[in-house]
Amino acid sequence: LSATATPTSPVAVYAIQVFGASDINYAITHANSQMSVLKAPLTITAENKEKNFGESNPPLTATYSGFVNGDDSASLDTPVTLATTAVQDSPTGSYPITASGAADNNYAITHFNGSLTIDRSVLTIRAGNATRLFGGANPMFSASYEGFIGGDDENVLDTPLTLPTTATSASPVGQYAITPGGATDANYTLVFVDGSLEVTPAPLTVVARNTSRAYGSANPPFAVNYEGFANDDDADDLDTRPNVTTTANRTS
């Protein structure tokens, strides 16, 4: 029994030849038959991929299981097509990667899909530094953003940013943190960086009052006026009261 088919023979029908049998008691007739080489099973699976929001899609690739006789993807009559609905600005989530279209005379091909996962991109929000005088109202605070994708800006955030501080108009001179927070977004992992509010001394003018006395008399008590107190402060709130002196004496 022999056939022309070998392990590398493509899918087809091959003759099985029967010959050579003999026996003194039999008149033997040989009748040939056929052998069918069927398609080998081949599985093509789209590989799972991952990227961050705003990035270009990574190259789509596939794995193959079932090639024989040294075949590989280049041996296919029609290569596989890998596609996904995700684009560069698609929001976070999971998107199918479809494998389809591969064909070959020698393989029965089964396609399996993969998935593309889009993760959040990092967005850094920095509170801007600010300065004001003691006793004044806090200024309007601002922030800068690093990491927005495409034409995104602070207006796309799902929850807007807040910029609170513990400083009030009555807070003494010093440094106070401006702590950004509150903002959320499905496409961004938010990193907050504090800013600083510097409360500086308010200007206070101390004016000596004019006075008079007779020649030879002792100097009268001197008094002053204050211009610039904030938060209902007065002279009693000064750490050190002003000294008021003059060069005039009894004999002046």
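Residues numbered from 1 in each chain as written. Predicted model: local features only at pLDDT ≥ 70, side-chain atom pairs only at ≥ 80, totals over all residues. Heavy atoms only, no water.

Student: Is there a simple way to explain the overall build of the protein in this structure?
Tutor: Looking only at helices and strands, the protein has 0 helices and 18 strands in total. Taken against the 2.2 N^0.38 rule, which gives 18 Å for 252 residues, the C-alpha radius of gyration of the protein at 45 Å runs more than 25% over that of a compact globule. Once the C-alpha set of the protein is aligned to its principal axes, its extents read approximately 170 × 25 × 20 Å. In the protein, which comprises 252 residues, the proportion classed as buried is 22%. Across the protein, the fraction of contacts at a sequence separation of at least 24, relative to all contacts at a separation of at least 6, is 53%. Accessible surface computed for the protein: about 15,800 Å², of which carbon and sulfur atoms make up 51%. Taken as two groups, the 10 positive and 25 negative side-chain charges of the protein have centres that lie 20 Å from each other. (Helix = DSSP H or I, 4+ residues; strand = E, 2+ residues; numbered from the N terminus. Rg over C-alpha atoms; globule rule 2.2 N^0.38 Å. Buried < 20%, exposed > 50% of the residue type's maximum accessible area, 1.4 Å probe, protein only. Contact = heavy atoms within 4.5 Å. Areas by Shrake-Rupley, 256 points an atom, 1.4 Å probe, with all protein chains shown as cover. Lys, Arg positive; Asp, Glu negative; His and termini not counted. Charge placed at Lys NZ, Arg CZ, Asp CG, Glu CD.)

Student: What am I meant to see in the side chain of threonine 124 here?
Tutor: With respect to the helices and strands, threonine 124 occurs in strand S11 (residues 121-127). Those residues in contact with threonine 124, other than ones at most four positions away along the chain, are Ser144, Tyr145, Glu146, Val191 and Val193.

Student: I tried to follow the packing of aromatic side chains on my own but got confused; where do I start?
Tutor: Geometry of an aromatic ring pair is reported as the spacing of the ring centres plus the angle between the planes. Applying the stated criterion to the full structure yields 6 aromatic pairs. An angle of 85° between the planes, with centres 5.4 Å apart, marks the rings of phenylalanine 53 and tyrosine 188 as edge-to-face. You can see phenylalanine 53 sitting in the loop between strand S5 (49-52) and strand S6 (62-65) and its partner tyrosine 188 sitting in strand S15 (residues 188-193), a full 135 residues away along the chain. An identical accessibility class is assigned to phenylalanine 53 and tyrosine 188; each is buried. (Phe/Tyr/Trp six-rings, centres within 6.5 Å; stacked < 30°, edge-to-face > 60°.)

Student: I would appreciate a short explanation of the environment of threonine 131 in the present structure.
Tutor: Relative to the helices and strands, threonine 131 is located in strand S12 (residues 130-133). Once the C-alpha coordinates of threonine 131 and alanine 103 are considered, the two residues, 28 residues apart in sequence, prove to be 70 Å apart. Ignoring any residue separated from it by four or fewer positions in sequence, one finds threonine 131 in contact with Pro139, Leu197, Glu198 and Thr200.

Student: Please clarify how the pattern of salt bridges should be interpreted in this entry.
Tutor: Where side chains of opposite charge bring their charged atoms close, a pairing between them can arise. Following the criterion strictly, the structure yields 2 salt bridges and no others. Between glutamate 146 and arginine 126 there is a salt bridge, with the nearest N and O atoms lying 3.0 Å from each other. Placement of the pair is glutamate 146 in strand S13 (residues 143-146) and arginine 126 in strand S11, with a sequence separation of 20 residues. The salt bridge partner of aspartate 236 is arginine 241, with a shortest N-O separation of 2.4 Å. (Salt bridge = Lys/Arg side-chain N within 4 Å of Asp/Glu carboxyl O.)

Student: Looking at this model, I keep getting lost on the sheet that holds strand S14 (residues 174-178). Mind explaining?
Tutor: What holds strands together in a sheet is hydrogen bonding between their backbones, with the strands either parallel or antiparallel. Spatially, the 3 strands line up as an open sheet ordered S12-S16-S14, and their pairing is mixed. Unpaired on one side and paired on the other, S12 and S14 mark the two borders of the sheet. Going across the sheet, the axis of each strand differs from the next one's by a mean of 25°, ignoring polarity. (Pairing = 2+ DSSP bridges. Axes fitted to C-alpha atoms, helices over the stretch in contact; angles between N-to-C directions.)

Student: Any chance you could explain the environment of methionine 35 here in plain terms?
Tutor: Locating methionine 35 in the fold gives a position in strand S3 (residues 33-37). The sequence separation of methionine 35 and threonine 189 amounts to 154 residues, and the corresponding C-alpha distance is 63 Å. Apart from residues no more than four positions distant in its own chain, methionine 35 is found in contact with Ala3, Ala5, Ala12, Val13, Tyr14 and Ile16.

Student: For this particular structure, what's the right way to read the nonpolar core?
Tutor: In summary, soluble globular proteins display a tendency toward joint burial of nonpolar side chains. Judged by nonpolar contacts, the single largest core of 23 residues is most densely connected at Ile44, Ile109 and Leu123. For this core, the elements supplying multiple residues, two or more each, are strand S4 (40-46), strand S8 (93-100), strand S9 (107-112), strand S10 (114-119), S11 and S15. Setting aside residues no more than four positions away along its own chain, leucine 123 makes contact with Tyr145, Glu146, Gly147, Phe148, Leu157, Tyr188, Thr189, Leu190 and Val191. Formed by 11 residues, the second largest nonpolar core is a distinct cluster that contains Phe134, Tyr176, Ile178 and Ala230. (Core = buried A, V, L, I, M, F, W, Y, C linked by side-chain atoms within 4.5 Å.)

Student: Even after reading the chapter, I still don't get the sheet that holds S4, so can you show me in this structure?
Tutor: In spatial order, the strands read S6-S4-S9; together these 3 strands make up an open sheet with mixed pairing. Here the strands that pair on one side only, and so sit at the sheet edges, are S6 and S9. The mean angle between the axes of side-by-side strands here comes to 20°, regardless of whether they run parallel or antiparallel. Two elements, S4 and S6, share 4 bridges in a ladder whose sense is antiparallel. Looking at S6, one finds that threonine 43 is bridged to serine 65.

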